[in-house]
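These are the residues of each chain, in order.
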Amino acid sequence: NLATIQGDLDIRNNASLTNLGGISGLETITGYLSVASNGQLSNLNGLAKLGTIGTDGASGGYLYIYNNAALTSLGLDNLTSVAGYVQIQYNAKLETLNGLAALQKIGGNLDVSSNIVLSSILYLIYPSGVLNELCGNLTIAGNSKLSVCQAQALYTSLTNAGWTKTFAQNNNLACAGTCSGTACQ
């Protein structure tokens, strides 16, 4: 079983790829992980043992999940650290980010944008999630099913942990009342 990749893993433009079972023993990627434009890939469960992307201080160690039309869940259950940025965009069927519940540290920006059915980022927000170190900016935008209350709660959770960077959110699901934690009242 492959446990470590010394370098990058780019899973891109595989029209027939449905799962990542062939790399289910992977625990560490020293470079970046890019999963993009895989039309039939519904989850990343084959990466469930992955704990680290990038080495500390390596700006190239990023996580990029982009334009995977069938992706409904992440399955990155053991991922605790990404040395660079995390960008999750244009995944038309992605409903939650529950597969990132163990993520503690992001060494760059976090951008969750234009995932049109995304309705939950709760597992990034303390106490459900453990993300407490974001070294870059936070953007939560264009997720039309995601309540602005959850985006605001993530911002508050990070701020309470000492985060002081820029927060941008727009075109998320508006709250007709007022936000109370992660819920609209």
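Sequence order sets the numbering: in each chain, residues are counted from 1 along the sequence as written. Per-residue local features are limited, in this predicted model, to residues with pLDDT of at least 70; the limit for side-chain atom pairs, both in listing and counting, is 80 or more; totals at the level of whole chains, interfaces and linings are taken over all residues. Water and hydrogen atoms play no part in the side-chain values, which are based on all heavy atoms of the structure.

Explain the pairing of strand E4 (residues 33–36) here, please?
With burial as the criterion, each face of E4 is covered, one bearing Leu33 and Val35 and the other bearing Ser34 and Ala36. Any two strands with at least two DSSP bridges between them are considered paired. What counts as a helix is a DSSP run of H or I of at least four residues, what counts as a strand is a run of E of at least two, and both are numbered from the N terminus. For strand E2 (residues 9–12) and E4, the ladder comprises four bridges, and the chain directions are parallel. Residue pairing in the sheet places Ile11 in a bridge with Val35 of E4. In this structure, E4 lies alongside strand E6 (residues 63–66), joined through four bridges in parallel fashion. Along E6, the bridge assignment pairs Ser34 with Tyr64. Accessible area is worked out with a 1.4 Å probe on protein chains only. A residue is then buried under 20% of its type maximum, exposed over 50%, and partly exposed in between.

What exactly am I supposed to notice about the environment of Asn132 here?
As for its placement among the helices and strands, Asn132 is situated in the loop between strand E10 (110–113) and strand E11 (133–134). By relative accessible area, which is 45% here, Asn132 ends up partly exposed. For the pair formed by Asn132 and Ser37, sequence separation is 95 residues and the distance between their alpha carbons is 30 Å. Contact definition: two residues touch when any of their heavy atoms are within 4.5 Å. Look past the residues within four positions of Asn132 in its chain and what remains in contact with it is Gln104, Leu158 and Ala161.

Would you mind going over helix H1 (residues 148–160) with me for this structure?
Every α-helical turn comprises 3.6 residues, leaving residues that sit three or four positions apart pointing alike. Residue count minus one, scaled by 1.5 Å, sets the expected span of a helix. Between its terminal C-alpha atoms H1 stretches 18 Å, which fits the 18 Å expected from 13 residues at 1.5 Å a residue. Among the residues making up H1, those that are buried are Val148, Cys149, Gln150, Ala151, Ala153, Leu154, Ser157 and Leu158. Its buried side turned inward, H1 meets E10, E11, strand E12 (138–141), strand E13 (167–170), strand E14 (179–180) and strand E15 (183–184). Taken from the residues just after H1, Gly162 is the one with a positive phi, measuring 105°.

Can you help me understand the sheet that holds strand E9 (residues 105–106) in this one?
Each strand in a sheet pairs with another by means of backbone hydrogen bonds, the pair being arranged parallel or else antiparallel. Ordered in space as E1-E3-E5-E7-E9-E11, the six strands form an open sheet in which the pairing is parallel. At either end of the open sheet lies a strand with only one pairing partner, and these are strand E1 (4–5) and E11. Direction of pairing for strand E3 (residues 28–29) relative to strand E5 (residues 52–53): parallel, over a ladder of two bridges. Within E5, the position partnered with Thr28 by the bridge is Thr52.

Could you clarify how one ought to interpret the state of the cysteines in this entry?
Should the sulfur atoms of two cysteines be covalently bonded, the bond is a disulfide. Throughout, disulfides are identified as pairs of cysteine sulfur atoms within 2.5 Å of each other. Inspection of the entire model under this criterion finds two disulfides. Through a disulfide, Cys149 is tied to Cys179; the S-S separation comes to 2.1 Å. A torsion of -80° about the S-S bond marks the disulfide between Cys149 and Cys179 as left-handed. In this pair, Cys149 is assigned in helix H1 and Cys179 in strand E14, connecting sequence segments 30 residues apart. On the accessibility criterion, Cys149 (0% relative accessible area) is buried. Overall, the relative accessible area of 37% leaves Cys179 in the partly exposed class. The disulfide bridge from Cys175 ends at Cys184, spanning 2.0 Å between sulfur atoms. The chirality of the disulfide connecting Cys175 with Cys184 is right-handed, given an S-S dihedral of about 85°. In this structure Cys175 comes out as buried when scored by relative accessible area, which is 17%.

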